[in-house]
Amino acid sequence: MGAAKVYIETYGCQMNEYDSEIVRRVLTGNGYDFTDTPEDADIIFLNTCAVRANAQRKVLQRIDLFKKLKGRKQGLLIGVLGCVAQNLKTELFNSGIGVDVVAGPDSYRTLPELLRRVQETKETRCATTLSVEETYSDLFPAQQSGKVNAWVAVMRGCDNFCSFCVVPYTRGRERCRAPDNIIEEITALAAKGYKQVTLLGQNVNSYKYEGFTFAQLISAVSRIEGIRRIRFTSPHPKDFPDDLLEVVADNDKVCKHIHLPLQSGNTRILQMMNRTYSKEEYLALAHRMRERIGNLALTTDIIVGFPTETREEYEDTLDVMRQVEFDAAFMFKYSERAGTAAAQKYPDDISAAEKTDRITRLVDLQRSISLERNQRHLNETYDVLVEGTARKPDQLRGRNDENKIVVFPDNGAQAGDFVNVRIEEVTPNTLIGVAVQPVT
Ligand code: 5AD
Ligand code: SF4
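Computed from a prediction, not measured in an experiment: that's the story for all the values here. Starting from 1, residues in each chain are numbered consecutively following that chain's sequence as written. Throughout, the order in which chains and ligands are written sets their labels, letters from A for the former and numbers from 1 for the latter. Under the rules for a predicted model, residues below a pLDDT of 70 receive no local features and side-chain atom pairs below 80 are neither given nor counted, while totals for whole chains, interfaces and linings still include all residues. To get the side-chain values, take all heavy atoms of the structure and skip hydrogens and water.

K.L.:
How would you summarise the packing of helix α11 (residues 311–324) against helix α13 (residues 352–375) if you had to cite specific residues and measurements?
P.N.:
Lines fitted to the C-alpha atoms define the axes, with helices restricted to the stretch that makes contact. Angles between their N-to-C directions range from 0 to 180 degrees. The way it works is that DSSP assigns letters per residue, a run of H or I at least four long becomes a helix, a run of E at least two long becomes a strand, and they are numbered from the N terminus. Taken N-terminus to C-terminus, the directions of α11 and α13 make an angle of 15°; their axes are 10 Å apart at the nearest point. Judged on the interaxial angle alone, α13 and α11 are roughly parallel. For the element pair α11 and α13, the recorded crossing hand is right-handed. Contact residues: α11 offers R311, Y314, E315, T317, L318, M321 and R322, while α13 offers E354, D357, R358, R361, L362, L365, Q366 and I369. Residues were grouped as follows: Ala, Val, Leu, Ile, Met, Phe, Trp, Tyr, Cys and Pro as nonpolar; Asp, Glu, Lys and Arg as charged; and all remaining residues, including Gly, as polar. Of the residues that constitute the contact of α11 with α13, the class distribution is six nonpolar, two polar and seven charged. When an angle is under 35 degrees it counts as roughly parallel; over 145 it counts as roughly antiparallel; between 65 and 115 it counts as roughly perpendicular; any other value is oblique. By convention, the crossing between two helices is left-handed when the near helix turns anticlockwise from the far helix through less than a right angle, and right-handed when the turn is clockwise. Throughout, a residue-residue contact means that at least one pair of heavy atoms, one from each residue, lies within 4.5 Å.

This is how it looks when you write it as structure tokens:
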């Protein structure tokens, strides 16, 4: 009999994509093979997201679908990884769900042992102990798409406890990797041909290692030969000291794009959310960023319908959107997550219809702002890092420094090439142009 085959499906954030590679590393090192087809697999893993109820629901539906394969393949195992695993733990073994293995984000090293035990004993196994130190720093998992961008986790976990958010419970406490170890991983990626690196963390700009700051880490990464672009996600507004703004502004390799989650534009709601800044402080920070960093793209995350949010308070969110003029925004309806402070303290009292109404108006406003911001790019020329073919096959797709998607007629460039593109047309989400000349 050949090696057991594993199929893994990933949901949610980039950290989960990164973690799926960790799982791949761990299992490949223990004699497992991987397959892209669930029907061929002996073990099906879902690496899951619990941030909103919908994401969790989707996972449960997907498990139900895979369960049907069990009837056709004896011994097929279904495993749940990631935040839903950590959140629901042994509840996932409840009758009828069909899950055999549960492993949370800090338990991936135990997977070979868990699988062996399940196969031997035919009993379910759950590993959800959170660690204060696990960073998988020896595994160097970044491999990912097409050698263009590599995601590299520099820290894991979150200590902020925003009242709506389940992440501090599913991913545990903040911990940072040693700078030398990060530099070693990125140097190896550059040698493999990666041009861009995105530093990842639930709270990436809280990075600190024995006095070594996030700004210093970015500078160190920028000195790695072959790395031409550096991005980072997701930061928290509370951790933007001057040295960080400086390195974004003055270091040519650092992309002029900051994702700055707002969540709400109203100070009372922000307080209830435990976000630690007021409307005015957020506005001042966004203003300082735009002033200090030329051609900066600012993007954000927003939640509407947080408990007790009045129409007037919601208007503050629209007001901040108008004042900051975000280049893009991810917008969500508040979703109550069991175990969070908000779920314990505040009833989810804004109706579904009201949340829909609020988000619709927000999306409409953001669309018009995004279009307006993109119109400023007309007739400008940008270095575009090519990612591959666009939806239309005779077109290529890449991103400019500001992380905006740029589409242009195929000029023979390959993924990982830089091409100079002049913008001739824009939509709220895309810049459309023509290649002026290949850069490198
Ligand atoms: N309900 C709605 N949105 C949420 N987010 C996190 N938790 C919730 C929740 N309970 C959003 C936040 C965060 C993004 C990743 O997901 O906006 O920044
Ligand atoms: Fe969740 Fe807030 Fe931590 Fe982000 S900073 S992961 S929203 S608790």
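K.L.:
Describe the packing of helix α1 (residues 14–28) against helix α4 (residues 111–121), and please don't skip the residues or the numbers.
P.N.:
With their axes 9 Å apart at the nearest point, α1 and α4 run at an angle of 65° to one another. The segment α1 lies against α4, with V23, V26 and L27 engaging L111, P112 and L115. Considering only residue class, the contact of α1 with α4 consists of six nonpolar, no polar and no charged.

K.L.:
Could you give me a rundown of the pattern of salt bridges, with the residues and numbers involved?
P.N.:
Whenever a carboxyl oxygen of Asp or Glu lies within 4 Å of a side-chain nitrogen of Lys or Arg, that contact is scored as a salt bridge. Applying the stated criterion across every chain, the model contains 34 salt bridges. A salt bridge links E387 to R397, with the shortest nitrogen-to-oxygen separation between them at 2.7 Å. Residue E387 is located in strand β17 (residues 381–389), and its partner R397 is located in strand β18 (residues 395–399); the two are separated by 10 residues in the primary sequence. For every residue, the accessible area (1.4 Å probe, protein chains only) is compared with the maximum for its type, and the residue is labelled buried under 20%, exposed over 50%, or partly exposed between those bounds. The class of E387 is partly exposed, set by a relative accessible area of 30%.

K.L.:
So, the environment of T10: which residues are in play, and what are the values?
P.N.:
For T10, the position within the fold is in strand β1 (residues 5–10). With relative accessibility at 24%, the residue T10 sits in the partly exposed group. Excluding its chain neighbours within four sequence positions, the residues that come into contact with T10 are N16, E17, S20 and N47. Any N or O atom pair separated by 3.5 Å or less is treated as a polar contact, with the protein-specific requirement of one donor-capable and one acceptor-capable atom, and with residues adjacent in sequence counted only for side-chain atom pairs. A polar side-chain atom of T10 sits 2.7 Å from a polar atom in the side chain of S20.

K.L.:
Report on the site of ligand 2, specifying residues and quantitative values.
P.N.:
When we say a residue is near a molecule or strand, we mean one of its heavy atoms is within 4 Å of it. For ligand 2, the full set of nearby residues is C158, N160, F161, C162, F164, C165, V167, P168, N203, H236 and R275. Looking at the shell around ligand 2 residue by residue, the class counts come to seven nonpolar, three polar and one charged.

K.L.:
Could you give me a rundown of the domain arrangement of the chain, with the residues and numbers involved?
P.N.:
A common way to express how large an interface is: the accessible area buried when the components associate. Each domain's extent was defined by an automatic or database domain assignment. Under the domain assignment used here, the chain contains domain 1 (5–127), domain 2 (135–255), domain 3 (288–376) and domain 4 (381–435). Each of domain 1 and domain 3 was reduced to a C-alpha centroid, and the two centroids are 33 Å apart. Domain 1 puts six residues into the contact, and the matching count from domain 3 is four residues. Once two parts are joined, some of their accessible surface, as seen by a 1.4 Å probe, is lost; buried area is that loss totalled over both. Roughly 400 Å² of surface becomes buried between domain 1 and domain 3 when both sides are summed, with 41% attributable to carbon and sulfur atoms. Three residues stand out in domain 1 for area buried against domain 3, namely V51, R52 and A53, and they jointly supply 79% of the buried area on that side. For the interface between domain 1 and domain 3, the tally reads three residue pairs in polar contact (both at pLDDT 80 or more). By residue class, the composition of the side of domain 1 that touches domain 3 is three nonpolar, two polar and one charged.

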